[in-house]
Amino acid sequence: EMPLLEQCYNLLDFEAVARRVMKKTAWGYYSSAADDEITLRENHSAFHRIWFRPRVLIDVEKVDFSTTMLGTPCSIPFYVTATALGKLGHAEGEVVLTRSSAKHNVIQMIPTLASCAFDEIVGAAGPGQVQWLQLYVNKDRAITQRIVQHAEKRGCKGLFITVDAPQLGRREKDMRMKFTDEGSNVQSGQATDTSQGAARAISSFIDPGLSWDDIPWFQSITKMPIVLKGVQRVEDVVKAIEAGVQGVVLSNHGGRQLEFSRSAVEVLAETMPVLRQLGLENKIEIYVDGGIRRATDILKALCLGARGVGIGRPFLYAMSAYGQDGVDRAMQLLKDEMEMGMRLVGARNVSELNPTLVDARSLFNH
Ligand code: FNR
């Protein structure tokens, strides 16, 4: 009844299988987004408003889409972004994603709210494998400091501070599933109210008082590069540069936070021309996430100025449906699509991806 893994030909195919085979609570938590899920849909449709202007007669016999992110090399310009509660979808949880990332030389961002213990995820990494830490900032800064410094000591190469979640968005599909605490490794140390769905149950420790004034403190407790995850306007990108952080992730949290947030790729197209005008385009690394399902999406983001992209749900769905084989195949499919996309667009390496290769006019006028 369940399709063979070989019958999944792209990342969206995994979602269709996962919807059928996953437990309802897990499907509800992974797939849900805020309110009416308008931003969730926009994360896909924004990419449909960007078209290519390929170059022809470029010798693309050999194409190389490897790159570096925060100074570390990787095989392809995407990373596995942080998604909480991996054990809802698969008994082994996040370490499944770790193993596939190792196999494909892809960077993994470890969530604060992982189901597996942090040390287990770091311990599952292969030699030289690069991992980052996603941080939800606790009201108790001593706890936060311990988490950050432990991650640095264990070799994490980047600190991604989530800045778009002073309160968790309202995800009704998740709330309706009556979350039961299964698969969670609650780090808040507080009793959890599970009547509001999985997300709210585990997130009450997050500090809504976090502000720009806290950034110097983070810089004082760690040498890891700092990236602000969840920026949504060029003004805040400029502030991030002024604050001296190494990167931002333009993101609306997969549509799970502020409903009617714009897509990250639209924010990117707003941001880069302003940064270029101010001479700031090389002062910070810009990442985007949300709705990336195809190598053409990755190519569009890189043409518009992103250093790399994060991918969330597709790997959760592949893992939930097929375990590590599923995640391995999802990553391989993206690599195959990427090789073809680079050739057809006429780019031999990522430094040749530039804004002239896309027509993004209807991104804003539609
Ligand atoms: C997330 N995301 C997220 N972000 C974060 O900073 N901390 C977290 O704990 C989580 N948890 C989480 C759980 C699940 C189930 C999802 C789907 C997402 C947001 C995530 O990092 C990323 O911004 C989006 O998932 C990207 O969108 P796509 O690729 O899922 O469309």
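Residues numbered from 1 in each chain as written. Predicted model: local features only at pLDDT ≥ 70, side-chain atom pairs only at ≥ 80, totals over all residues.

Draft legend 1. Examining the overall build of the protein more closely. In terms of helices and strands, the protein carries 14 helices and 12 strands. Its C-alpha atoms put the protein at 60 × 55 × 45 Å along the principal axes. Counted over contacts in the protein with a minimum sequence separation of 6, partners at least 24 positions apart contribute 72%. (Helix = DSSP H or I, 4+ residues; strand = E, 2+ residues; numbered from the N terminus. Contact = placed C-beta atoms within 7 Å.)

Draft legend 2. Region of interest: the sheet that holds strand 10 (residues 285–289). With respect to topology, 8 strands assemble into a closed barrel ordered 4-5-6-7-8-9-10-11, the strand pairing being parallel. Across the sheet, the mean angle separating the axes of adjacent strands is 30° when strand polarity is ignored. Summarising the sheet, strand 9 (residues 247–250) and strand 10 pair through 4 bridges and their orientation is parallel. Directly across from Val248, in strand 10, lies its bridge partner Ile286. Lying over the sheet, helix 11 (residues 264–277) contacts strand 9 and strand 10, oriented at roughly 155° with respect to strand 10. (Pairing = 2+ DSSP bridges. Axes fitted to C-alpha atoms, helices over the stretch in contact; angles between N-to-C directions.)

Draft legend 3. Summary view of unusual backbone geometry. Phi is positive for Asn105, which is not a glycine, with a value near 55°. Counting through the fold element by element, Asn105 comes out in the loop between helix 4 (95–104) and strand 5 (107–110). Phi at Phe260 is positive, roughly 75°, even though this residue is not glycine. Following the sequence through the fold, Phe260 ends up in the loop between strand 9 and helix 11.

Draft legend 4. Quick look at the site of the ligand. Surrounding the ligand, one finds 24 residues, the nearest of these being Ala84, Thr162, Gly254, Gly312 and Arg313. Among the elements of the structure, helix 2 (24–31) and strand 11 (308–311) are those that each provide at least two residues to the shell around the ligand. Residues that form the shell around the ligand fall into these classes: 8 nonpolar, 12 polar and 4 charged. (Near = placed C-beta within 6 Å. Nonpolar A, V, L, I, M, F, W, Y, C, P; charged D, E, K, R; others polar.)

Draft legend 5. Spatial organisation of the pairing of strand 9. Side chains Gly247 and Val249 of strand 9 all project onto a buried face; the interleaved residues Val248 and Leu250 project onto the opposite face, where all are buried too. Two elements, strand 8 (residues 226–231) and strand 9, share 4 bridges in a ladder whose sense is parallel. Opposite Val231, over in strand 9, you have Leu250 as the bridge partner. In this fold, strand 8 hands off to helix 10 (residues 234–243), which returns the chain to strand 9; that crossover is right-handed. Crossover strand 9 to strand 10 through helix 11 is right-handed. (Buried ≥ 20, exposed ≤ 12 C-beta atoms within 10 Å, placed from the backbone. Right-handed = clockwise from strand over helix to strand, strands pointing away.)

Draft legend 6. Up close: the packing of helix 4 against helix 13 (residues 313–345). Direction vectors running N to C along helix 4 and helix 13 enclose 15°, while the axes themselves pass 9 Å from each other. Here helix 13 runs roughly parallel to helix 4, going by the angle between their axes. For the element pair helix 4 and helix 13, the recorded crossing hand is left-handed. Every residue of helix 13 that contacts helix 4 at Val96, Leu97, Arg99, Ser100, Lys103 and His104 is listed here: Phe315, Met319, Gly323, Gln324, Val327, Asp328 and Met331. (Parallel < 35°, antiparallel > 145°, perpendicular 65-115°, else oblique. Left-handed = near helix turned anticlockwise from the far one by under 90°.)

Draft legend 7. Quick peek at the nonpolar core. Counting residues in each nonpolar core, the largest one holds 107 residues, and the members touching the most others are Val248, Leu268 and Val288. Sort the elements by how many residues they give to this core and helix 13 lands first, with 15 residues. (Core = buried A, V, L, I, M, F, W, Y, C linked by C-beta atoms within 7 Å.)

Draft legend 8. Spotlight on the environment of His104. Mapped onto the fold, His104 is located in helix 4. Judged by the 19 C-beta atoms lying within 10 Å of it, His104 falls in the partly exposed class. Sequence spacing of His104 and Val327 is 223 residues, and the spatial spacing of their C-alpha atoms is 10 Å.

Draft legend 9. Spatial organisation of the confidence of the model for the protein. In this model, the protein carries a mean pLDDT of 94, and residues with pLDDT of at least 70 account for 94%. Scored below 50 in pLDDT, residues 183–191 makes 19 contacts in the model with residues more than four places away or belonging to other chains. Across the assembled chains, the prediction reports ipTM 0.99 with pTM 0.95. (pLDDT = per-residue confidence, 0-100.)

Draft legend 10. Spotlight on the environment of Gly279. Looking at the secondary structure, you find Gly279 in the loop between helix 11 and strand 10. For the pair Gly279 and Ser204, spaced 75 residues apart in sequence, the C-alpha separation works out to 40 Å.

Draft legend 11. Broad picture of helix 3 (residues 38–45). Turning to helix 3, its buried residues number three or more, namely Thr39, Leu40, Glu42 and Asn43. Axial view of helix 3: buried residues confined to an arc of 165°, hence all on one face. (Arc of directions from axis to C-beta.)

Draft legend 12. How the structure looks around the pairing of strand 7 (residues 159–162). Neither face of strand 7 is open: one carries Leu159 and Ile161, the other Phe160 and Thr162, and all of them are buried. Handedness of the crossover joining strand 6 (residues 131–135) and strand 7 through helix 6 (residues 141–153): right-handed.

Draft legend 13. The arrangement of the environment of Asp325 in detail. With respect to the element layout, Asp325 can be found in helix 13. Asp325 sits in the partly exposed class, given 14 other C-beta atoms within 10 Å. Once the C-alpha coordinates of Asp325 and Val96 are considered, the two residues, 229 residues apart in sequence, prove to be 9.3 Å apart.

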